[in-house]
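Residue-level structure breakdown
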Amino acid sequence: MRRFVIGQAKNLIDQTRRHHKSLRLLSLLAASDSAPVLSSPRLFSSSSDMSGSGSDSSSSSLPVTLDSLNPKVLKCEYAVRGEIVNIAQKLQEDLKINKDAYPFDEIIYCNIGNPQSLGQQPITFFREVLALCSHTALLNESATHGLFSSDSIDRAWKILDQIPGKATGAYSHSQGIKGLRDAIAAGIEARDGFPADPNDIFMTDGASPGVHMMMQLLISSEKDGILCPIPQYPLYSASIALHGGSLVPYYLDEASGWGLEISELKKQLEDARSKGITVRALAVINPGNPTGQVLAEENQREIVDFCKKEGLVLLADEVYQENVYVPDKKFHSFKKVARSMGYGEKDICLVSFQSISKGYYGECGKRGGYMEVTGFTSDVRAQIYKLASVNLCSNISGQILASLVMSPPKPGDDSYDSYIAEKEGILSSLAKRAKTLEEALNKLEGVTCNRAEGAMYLFPCINLPQKAIAAAEAAKTAPDAFYCKRLLNATGIVVVPGSGFRQVPGTWHFRCTILPQEEKIPAIVNRLTEFHKNFMDEFRN
């Protein structure tokens, strides 16, 4: 009898704990019923730490309300840091004080390409040079030669000699420090085998400001359109919306590994023109984000010819150029392809974007990058320079790192062996993680996932049961967002619904990074597999 009573008491305690867990999750989700976008007013009125006062702006007597804001800002969406990430951040805070309240012990952020936040270590040579440039007094200390490699010391002196007064805390030329642009141009020339002009380089705080700058330059009204891949990185739709233009979608072919078909470009271009839209540019992301494909060189030639024939600016997002994981694919810059076809400065307008946030370096927080602007007349270039000068200059630490990324240690340098070991270790590990996650996803019921040829993401397609779609509609959310919320609540894994990247209507996806450290991948696979089985069983038709 005593054992029976004890058993009943344990069951009651377990039921009570499960009930409290459910209540806690429900309370955290209570303010998160809106669509998965940053522009939802409910996300900013649900907690005082986000709104400042917690009051409803629609009933406020303050001079700024949602109704008085720029409608372009309200239209702008950026799902990568949207509603599901907001929920995850609240869960993470609650985990600190209620560790036993959830079926997981940590939040794993697979929503954004932020390598160092998930344990990737910075490249030693890059950080040594940056440290010496930032604290120049170290260069005069004898102990420095025992702590830093000789080539990092030499490189720091070389960089400082190119900065007036050796002042890394001072403004630079609006395009960036000339000597650093020289190093970047030399790196581009070594990569492509064609000349590069440092005066074509505009250094930026990551690639994003360069994209914004070009949208600002090209868009004057909603009658100006930009051809963008679907699925797309939300920076493009957000930037086009902020500047009042029209996004002209072209759909990548998932069945052929997210192929870019010229016939689709022509179809969408003609459709836009029939609506009175002047298409100004074509944006291409290679390797792809969120889709991970690497374009074949022949396909790139077709794209260059298309832009040349149709009079379009080619916006080449090449920030993942170091991230290629399959032996049958290789990165080729669009500038290299165009020059190899015989197209020069007067033949095609091309803007190439690069960043220090991706690749094997992953220096997201240092905010460095550049755009190489070619094929524009001198009067147009003057306007680009004017836009750059409005922002004074990009940050100097980011400029230094961008120059190092394009001019790393060479054979014979003191740091070369360790640099190569670090670089190859990171890239080979990323390739393993990509393959492991790809195989795991393809084993899930109703899930298909193309191989990750490059970049940092997988973008699987999920065939959701009709009951799940109906439940999502009842919750007034997109079906893939519904799935992603449930995944987060059950496992602590944060992914981004495909609806945030746009997709073929009637299809559902999510984007997952390959960035969690290798030793954590098996646990992620196990959590994801168990969740997906339970989800499909719950909503099975």
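These figures come from a predicted structure and were not determined experimentally.

A few points about the UniProt feature "coiled-coil region" (unreviewed entry) in the protein
The feature "coiled-coil region" (unreviewed entry), as given by UniProt, occupies residues 420-447 in the numbering adopted here. For residues 420-447, the helix share is 82%, the strand share is 4%, and the end-to-end C-alpha distance is 37 Å.

Focus on the pairing of strand 8 (residues 369-374)
Both faces of the sheet carry side chains from a regular strand, because those side chains alternate between them. Among the six residues of strand 8, six are classified as buried, and the element is accordingly described as predominantly covered. Burial along strand 8 is two-sided: Gly369, Met371 and Val373 and Tyr370, Glu372 and Thr374, pointing in opposite directions, are all buried. Judged from the six bridges that link them, strand 7 (residues 350-355) and strand 8 form a sheet pairing that is antiparallel. Across the sheet, residue Leu350 finds its bridge partner in strand 8, namely Thr374.

Some thoughts on the packing of aromatic side chains
Taken as a whole and assessed by the stated rule, the structure comprises 15 aromatic pairs. Here the aromatic rings of Phe125 and Phe126 are separated by 6.3 Å at their centres, their planes lie at 65°, and the arrangement is edge-to-face. Each member of the pair, Phe125 together with Phe126, is buried. Centroid distance Phe459 to Phe501: 5.7 Å. Interplanar angle 80°. Geometry classified as edge-to-face. Linking Phe459 in the loop between strand 10 (457-458) and strand 11 (461-462) with Phe501 in the loop between strand 13 (496-497) and strand 14 (510-513), this pair joins segments that are 42 residues apart in sequence. For Phe459, a relative accessible area of 3% puts it in the buried group. Classification of Phe501 as buried rests on a relative accessible area of 0%. Through successive ring pairs, a cluster of aromatic residues spans Phe482, Tyr483, Phe510, Phe531, Phe535 and Phe539. Its end group placed over the ring of Tyr457, Arg511 keeps NZ or CZ at 3.9 Å from the ring centre.

Some remarks on the environment of Ile107
Along the chain, Ile107 falls in the loop between helix 5 (83-97) and strand 1 (108-109). Under the relative-accessibility criterion, Ile107 is labelled buried at 8%. Separated by 385 residues in the primary sequence, Ile107 and Gly492 have C-alpha atoms spaced 4.6 Å apart. Excluding residues within four positions of it along the chain, Ile107 makes contact with Ala88, Leu91, Gln92, Leu95, Leu488, Gly492 and Val494.

A short note on the pattern of salt bridges
Evaluated as defined, the whole model comprises 23 salt bridges. With its nearest N and O atoms 3.1 Å apart, the salt bridge here joins Glu93 to Lys96. Taken together, the positions of Glu93 and Lys96, both in helix 5 and three residues apart, correspond to about one turn of that helix. Overall, Lys96 belongs to the exposed group, its relative accessible area being 56%. The closest approach of N and O atoms between Asp105 and Arg527, which form a salt bridge, is 3.9 Å.

Criteria and thresholds
Residues numbered from 1 in each chain as written. Predicted model: local features only at pLDDT ≥ 70, side-chain atom pairs only at ≥ 80, totals over all residues. Heavy atoms only, no water. UniProt positions renumbered as here; feature names shortened; annotations may be inferred. Helix = DSSP H or I, 4+ residues; strand = E, 2+ residues; numbered from the N terminus. Buried < 20%, exposed > 50% of the residue type's maximum accessible area, 1.4 Å probe, protein only. Pairing = 2+ DSSP bridges. Phe/Tyr/Trp six-rings, centres within 6.5 Å; stacked < 30°, edge-to-face > 60°. Lys NZ or Arg CZ within 6 Å of the ring centre and 35° of its normal. Contact = heavy atoms within 4.5 Å. Salt bridge = Lys/Arg side-chain N within 4 Å of Asp/Glu carboxyl O.

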